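Each chain, written out:
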Amino acid sequence: ACSQKKARNAALHPLWQSPLTIPGGTRQSPINIQWRDSVYDPFLKPLKISYDPTTCLHIWNNGYSFLVEFDDSTDRSIIIGGPLENQYRLKQFHFHWGAINDWGSEHTVDSKFYPAELHLVHWNAVEYPSFEDAVMEGNGLAVIGVFLKLGARHEGLQTLVDALPAVRHKDTVIEFDVFDPSCLIPSCPDYWTYAGSLTTPPLTESVTWIIKKKPIEVDEDQLEAFRMLLFTSDGEEEKRMVDNFRPLQPLMNRTVRSSFR
Ligand SMILES: COc1ccc(C[C@H]2SC(=S)NC2=O)c(OC)c1
Ligand SMILES: [Zn+2]
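It should be emphasised that the depicted structure is a prediction, and the values quoted were computed from it without experimental measurement. (Residues numbered from 1 in each chain as written. Chains lettered and ligands numbered in written order. Predicted model: local features only at pLDDT ≥ 70, side-chain atom pairs only at ≥ 80, totals over all residues. Heavy atoms only, no water.)

Draft legend 1. Inspection of the coordination of the zinc ion (ligand 2) at higher detail. Protein coordination at the zinc ion (ligand 2): the donors are His94 (NE2), His96 (NE2) and His119 (ND1), at 2.0 Å from the metal. Note that the zinc ion (ligand 2) binds 4 donor atoms; their angles at the metal cover 96 to 125 degrees, and the shape is tetrahedral. Along the chain, the residues donating to the zinc ion (ligand 2) fall in the pattern H-x1-H-x22-H. You'll find His94 and His96 in the same group, each marked buried. (Donors = N, O, S within 2.8 Å, 3.2 Å for Na, K, Ca; no water. Tetrahedral: all angles 85-135°; square planar, octahedral: opposite > 155°, others 65-115°. Buried < 20%, exposed > 50% of the residue type's maximum accessible area, 1.4 Å probe, protein only.)

Pasting the structure below:
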């Protein structure tokens, strides 16, 4: 049986060959957000987002997702307010998606999957000297999650989609020097927030999650553009980059708060 398990594990994408849960993990992500169990917190502030589009650096395919990375050497692109004690600096954003539209998001709402989910990753540069340090601290990171649903074409996303063929293979990168990711965040201020973790190794429990209630709309061609990316490097047998989301994790002793009634 253990050799069967080993064989099954070997069939998994490297992302999931490591343990799916970390021993002793009490605040793992993603989770299902049960709307009726979330608790309205009147003390939650509005989230303030101020990004400088010229801090955008490049897009790269890291073999798990495609990331748009930002110059985080100054406080030019930051978020503040919401559930956060400090301001946090934008480091990168990336997406998770499925092979088909029935699944793809990491978080679910009342057990409903969305076809994709955007993560905007920020780190606490007020208290920690580097992103790598912040990744190891309970209040080190703040990730804004935005659900993508099938609908109208998203013009802001299209500039990103047009660049994807150039990063089709793992470890390819292209310059991408002006992009304002706030165009990917719904204007509706409503969000849920909870204490969680990275959703890929090292799975550290360092993320304050801010999950926007309203999804953004993207069209089928834009989702298909995500699905033509590859997990594999040029010259390797092609494996389509799809289903790059972690399974749901137990809520354990956590409450999800909402910024709205
Ligand atoms: C070593 O530090 C890391 C490693 C991996 C990711 C990406 C994961 S975590 C997340 S949220 N979604 C993802 O796919 C990081 O992002 C903050 C940070
Ligand atoms: Zn992510």
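Draft legend 2. Representation of a nonpolar patch on the surface within the structure. Judged by side-chain polarity, Ile100, Trp103, Phe113 and Leu248 come together as a nonpolar surface patch covering roughly 310 Å² of accessible area. Looking at where Ile100 falls in the secondary structure, it is placed in the loop between β7 (88–97) and β8 (108–109). Its relative accessible area of 36% is what places Ile100 among the partly exposed residues. (Patch = residues over 30% accessible without salt bridge, like charges linked within 9 Å, V, L, I, M, F, W, Y side chains within 5 Å. Areas by Shrake-Rupley, 256 points an atom, 1.4 Å probe, with all protein chains shown as cover. Salt bridge = Lys/Arg side-chain N within 4 Å of Asp/Glu carboxyl O. Helix = DSSP H or I, 4+ residues; strand = E, 2+ residues; numbered from the N terminus.)

Draft legend 3. Spotlight on the site of ligand 1. Neighbouring ligand 1 are 13 residues, the closest being His94, His96, Val121, Thr199 and Thr200. Within the side chain of His96, one N or O atom sits 3.4 Å away from an oxygen atom of ligand 1. Out of a free accessible area of 440 Å², ligand 1 has 80% covered by protein chains. Those elements giving two or more residues to the shell around ligand 1 turn out to be β7 and β9 (116–123). Take the shell around ligand 1: its biggest share by element is 3 residues, from β7. Broken down by class, the residue content of the shell around ligand 1 amounts to 7 nonpolar, 6 polar and no charged. (Near = heavy atom within 4 Å. Polar contact = N/O pair within 3.5 Å; in protein donor to acceptor, adjacent residues only side chain to side chain. Nonpolar A, V, L, I, M, F, W, Y, C, P; charged D, E, K, R; others polar.)

Draft legend 4. Highlighting a negative patch on the surface. A cluster of acidic residues, Glu85, Glu127, Glu132, Asp133 and Glu137, forms a negative patch on the protein surface. Relative to the assigned elements, Glu132 resides in helix α2 (residues 131–134). Judged by relative accessible area, Glu132 falls into the exposed class, the value being 53%. (Lys, Arg positive; Asp, Glu negative; His and termini not counted. Charge placed at Lys NZ, Arg CZ, Asp CG, Glu CD.)

Draft legend 5. Seen up close, the pattern of salt bridges. Inspection of the entire model under this criterion finds 10 salt bridges. The salt bridge partner of Asp41 is Arg257, with a shortest N-O separation of 2.7 Å. In this pair, Asp41 is assigned in the loop between β2 (39–40) and β3 (47–50) and Arg257 in strand β15 (residues 257–258), connecting sequence segments 216 residues apart. Residue Asp41 is classed as buried on the basis of its relative accessible area of 14%. According to the relative accessible area criterion, Arg257 is partly exposed, its value standing at 31%. Asp190 is the partner of Lys213 in a salt bridge, and the nearest nitrogen-oxygen pair spans 2.9 Å. Highlighted residues: Lys213 in the loop between β13 (207–212) and β14 (216–218) and Asp190 in the loop between β11 (172–175) and β12 (191–196), separated in sequence by 23 residues. The class for Lys213 is buried, based on a relative accessible area of 18%. Residues joined by salt bridges that share partners form a network here, namely Asp52, Asp71 and Arg76.

Draft legend 6. Quick look at the pairing of β12. With 5 of 6 residues buried, β12 is to be regarded as a mostly interior element. By the bridge criterion, 2 bridges tie β12 to β15 in an arrangement that is antiparallel. Bridge pairing links Trp192 to Ser258 in β15. (Pairing = 2+ DSSP bridges.)

Draft legend 7. Here's a closer look at the nonpolar core. Among the nonpolar cores identified, the biggest contains 43 residues, and Phe93 and Phe95 are the most heavily contacted of them. The biggest single contributor to this core is β7, with 5 residues. Setting aside its immediate chain neighbours within four residues, Phe93 contacts Phe66, Leu67, Val68, Phe70, Leu118, His119, Leu120, Leu160, Phe179, Pro181 and Leu184. Judged by nonpolar contacts, the second largest core, of 21 residues, contains Val121, Ala134, Trp192 and Leu198. (Core = buried A, V, L, I, M, F, W, Y, C linked by side-chain atoms within 4.5 Å. Contact = heavy atoms within 4.5 Å.)

Draft legend 8. Region of the structure containing the side chain of His169. Looking at the element boundaries, His169 is found in the loop between α3 (155–163) and β11. By relative accessible area, which is 16% here, His169 ends up buried. Once you skip the residues sitting within four places of it in the chain, His169 turns out to touch Asn61, Leu230, Thr232, Ser233, Asp234 and Glu238.

Draft legend 9. Local environment of the side chain of Glu106. Examined against the element boundaries, Glu106 turns out to sit in the loop between β7 and β8. A polar contact is formed between the side chain of Glu106 and the side chain of His96, at a distance of 3.3 Å. Within the structure, the side chain of Glu106 is placed 2.8 Å from the backbone nitrogen of Arg246, a separation counted as a polar contact. The contact partners of Glu106, leaving out residues within four places of it in the chain, are Pro30, His96, Glu117, His119, Thr199, Asn244, Phe245, Arg246 and Leu248.

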